[in-house]
Amino acid sequence: MCLIFTCGEHTFRKEVEGYEGIVCQCHNCGNYSGHVIKSNPWFTFCFVPIVPLSIHGYHDVVCHICNFAQPLENRPDVQAMKRGEGGNNMPMQPPPQQGGAPQGWGQGPPQGQPQGQAPMRYG
């Protein structure tokens, strides 16, 4: 009779309370896709979690694009976002112009183009 057992490790992850919805820049790839995640690793036997490998878990800033993880203690910019000091540090679009159409709509040819130049002809 042959019995085969499998042992391994599985990590349970969830967002950290107070950091929900905060998106920050990844220090590895530069994309704005970093989220604060709490990781709890467990020892598994036959794919069943048996023993936790960490009592309190780990708080990391994890990039969902390149999977780079950095401890939250090393990211004071993200900690300031939770306290509301730093805004969200994400580049935003410029505010809309007051009155009139957006720039470039219905204003004729661009300024600075030579006026004496003939239009191009095809054919």
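Residues numbered from 1 in each chain as written. Predicted model: local features only at pLDDT ≥ 70, side-chain atom pairs only at ≥ 80, totals over all residues. Heavy atoms only, no water.

Visitor: Outline the overall build of the protein, supporting the account with residue identities and numerical values.
Guide: Helices and strands together make up the secondary structure of the protein, namely one helix and five strands. In sequence order, the secondary structure elements of the protein are arranged as β-β-β-β-β-α. Taken across its 123 residues, the protein has 21% of its residues classed as buried. On the protein, roughly 9,900 Å² of surface is accessible, and the fraction owed to carbon and sulfur atoms is 56%. (Helix = DSSP H or I, 4+ residues; strand = E, 2+ residues; numbered from the N terminus. Buried < 20%, exposed > 50% of the residue type's maximum accessible area, 1.4 Å probe, protein only. Areas by Shrake-Rupley, 256 points an atom, 1.4 Å probe, with all protein chains shown as cover.)

Visitor: Outline empty space enclosed by the protein, supporting the account with residue identities and numerical values.
Guide: In the structure shown here, the tally under the stated rule is one cavity of 30 Å³ or more. Taken together, Cys26, His27, Gly34, Val61, Val62, Cys63, Phe68, Gln70 and Arg75 make up the lining of the largest cavity. Examining the composition of the lining of the largest cavity, we find that three residues originate from one element, strand 4 (residues 58-63), more than from any other. For the lining of the largest cavity, the per-class residue count stands at five nonpolar, three polar and one charged. (1 Å grid on protein atoms, 1.4 Å probe; cavity = no way out; pocket = protein on both sides within 12 Å on 5 of 7 lines; lining within 4 Å. Points joined across faces, edges and corners; volume = space filled by probe spheres on them. Nonpolar A, V, L, I, M, F, W, Y, C, P; charged D, E, K, R; others polar.)

Visitor: So what's going on with unusual backbone geometry? Residues and values would help.
Guide: Although it is not a glycine, Cys46 adopts a positive phi angle of roughly 55°. Inspection of the secondary structure puts Cys46 in the loop between strand 2 (34-45) and strand 3 (48-52). Exposure remark for Cys46: the relative accessible area of 34% places this residue in the partly exposed category.

Visitor: Report on the packing of aromatic side chains, specifying residues and quantitative values.
Guide: Under the definition given, this model contains two aromatic pairs. Ring geometry for Phe5 against Phe45: centres 5.4 Å apart, planes inclined by 25°, an arrangement best described as stacked. Separated by 40 residues along the polypeptide, Phe5 in the segment before strand 1 (7-15) and Phe45 in strand 2 bring together distant segments of the chain. Look at Phe5 and you get exposed, because its relative accessible area is 51%. Classification of Phe45 by relative accessible area gives partly exposed; the value is 33%. (Phe/Tyr/Trp six-rings, centres within 6.5 Å; stacked < 30°, edge-to-face > 60°.)

Visitor: Lay out the pattern of salt bridges with the relevant residues and their values.
Guide: Once their charged atoms are close, side chains differing in charge can pair, the charge on each being opposite to the other. Within this structure, the stated rule accounts for one salt bridge. Arg75 is the salt-bridge partner of Asp77, the closest N and O atoms lying 3.0 Å from each other. Arg75 sits in the buried class, given a relative accessible area of 1%. (Salt bridge = Lys/Arg side-chain N within 4 Å of Asp/Glu carboxyl O.)

Visitor: Residue-level account of the state of the cysteines, with values.
Guide: According to the stated counting rule, one finds zero disulfides in the structure shown. Between Cys46, a cysteine without a disulfide, and Cys7, which holds the nearest cysteine sulfur, the sulfur-to-sulfur distance is 7.1 Å. Looking at the unpaired Cys66, the closest cysteine sulfur is the one in Cys63, lying at 3.6 Å. Given the relative accessible area of 30%, Cys66 is considered partly exposed. (Disulfide = S-S within 2.5 Å.)

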